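Chain by chain, the residues run as shown.
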Amino acid sequence: MTPTMTQPLSSTPRADGFRMPGEFEPHAGCWMMWPERPDNWRLDAGPAQEAFAAVAEAIHPSDPVTMAVSPAQFSNARARLSPGIRVVEIASDDAWMRDIGPTFVIDAKGRRRAVDWRFNAWGGDFNGLYTPWDRDDAVAARVAELEGVERYRAPFVLEGGAIHVDGEGTAFTTEECLLSPGRNPGLSKAEIEYLLKDYLGVETVIWIPRGVHEDETTGHVDNLLHVCAPGLVALTWTEDRDDPQYERSAEALAVLETARDAKGRRLEIVRLPAPGPLYMSASEAAGIAAATTGMARGGGQRLAASYANFYIGTGRVVFPLLDPATDGVARHILQDLFPTREIVGVPGREILLGGGNIHCITQQVPATPAPA
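This section reports on the structure supplied with the text. (Residues numbered from 1 in each chain as written. Predicted model: local features only at pLDDT ≥ 70, side-chain atom pairs only at ≥ 80, totals over all residues. Heavy atoms only, no water.)

**Describing the pattern of salt bridges**
Applying the stated rule across the entire model yields 26 salt bridges. Across the pair D166 and R265 runs a salt bridge whose closest N-O atoms are separated by 3.9 Å. One end of the pair, D166, is in the loop between β7 (164-165) and β8 (170-174); the other, R265, is in the loop between α8 (244-258) and β12 (268-273), and 99 residues separate them in sequence. Judged by its relative accessible area of 1%, D166 is buried. (Salt bridge = Lys/Arg side-chain N within 4 Å of Asp/Glu carboxyl O. Helix = DSSP H or I, 4+ residues; strand = E, 2+ residues; numbered from the N terminus. Buried < 20%, exposed > 50% of the residue type's maximum accessible area, 1.4 Å probe, protein only.)

**Some thoughts on the sheet that holds strand β2 (residues 65-69)**
With respect to topology, four strands assemble into an open sheet ordered β3-β2-β1-β16, the strand pairing being mixed. Strands with a single pairing partner mark the edges of an open sheet, and in this sheet they are β3 (86-89) and β16 (363-366). Strand-to-strand twist in this sheet, taken as the mean axis angle between neighbours without regard to direction, amounts to 25°. Contacting β1 (27-33) and β2, helix α1 (residues 46-59) crosses the sheet at an angle of about 175° to β1. (Pairing = 2+ DSSP bridges. Axes fitted to C-alpha atoms, helices over the stretch in contact; angles between N-to-C directions. Contact = heavy atoms within 4.5 Å.)

**Here we look at the nonpolar core**
If you look at the biggest cluster of nonpolar residues, it comprises 51 residues, and the most contacted ones within it are M32 and L81. Every element with two or more residues in this core is listed here: β1, α1, β2, β3, α3 (97-100), α5 (134-147) and β15 (342-347). Considering each element in turn, this core owes the most residues, eight residues, to α1. Setting aside residues no more than four positions away along its own chain, L81 makes contact with W34, A53, A56, E57, M67 and V87. V233, L256, L352 and L353 belong to the second-largest nonpolar core, a separate cluster that totals 45 residues. (Core = buried A, V, L, I, M, F, W, Y, C linked by side-chain atoms within 4.5 Å.)

**With respect to the state of the cysteines**
Following the criterion strictly, the structure yields zero disulfides and no others. The thiol of C30 is not disulfide-bonded; the next cysteine sulfur, from C360, is found 13 Å away. Exposure remark for C30: the relative accessible area of 1% places this residue in the buried category. Here C177 stays unpaired: no disulfide links it, and the sulfur of C360, its closest cysteine neighbor, is 11 Å away. Given a relative accessible area of 1%, C177 falls into the buried group. (Disulfide = S-S within 2.5 Å.)

Take a look at the structure:
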């Protein structure tokens, strides 16, 4: 069957023998989306575009990068990016490729397919961040088409940042996110877990209670922790018991310390220092166009900053530089976690001002193994 935007497969990845590989497994590429929304990115997205370009350039030596852009921004993006980075036209409502793009799955026969999640701007009419979101919801199908792969259209709302996997049968998510009333109010926790198993090809789901404090995605797991290898998790941590993040990280640690993954292993948990706390300045807020939807932006607003929001490339780990007091510590920890990869820091504040960071704006395309 020729893959098209209108003909998703009627089966599920698990039924067809597909699984989502760990991010630490080899990649064939990486997708990003160019920012331009003026009520999210300050100064008509100029500083954000500079930051996104820096992330793309940092990843490109490790994983070939494709940048999706609106027709109006094509010339601008092409001029800002090195010739080796592919630029393609895809319309969108904002720039969070992790959440609006497809999740890729592979099988032992050397095939790759895409999972097209339903997207409703992190909460739909209940508490979504903007409307409309129909162009965002169409991005995954378009990416799958350009990659030349067949796709599954999942029957429930989920974003790529809401999940992590170890590639060996275990998924991680948060109750705060997937059980939020704006996503799938008609589904129980057990029903959502069954769907996760079906569409990620996993056997075990580890549920973390909550994500990072003030995360407007309603607690995406990728901003709280990162799966660095099977059985190895990096967790955002603060020693400040007066910080609201302490309780959230302590809850997560308690779950992770008692959990067993799909292989029956206990998890090794490495603590990543939380930067800051960091806050949006009045001058930064002044450069953002007034929002008519749910994206409140204002001076003094706490930012959901986290070093766990990094990208694992085939040969590099690209992480956000957020706070001079903790950047070096985070780099050292990441180098210990990934001794065979180069650790590259990229200024992440402009991305953080928009509500996320490096992991949120990237989506890896896994390499396919040789057929068994």
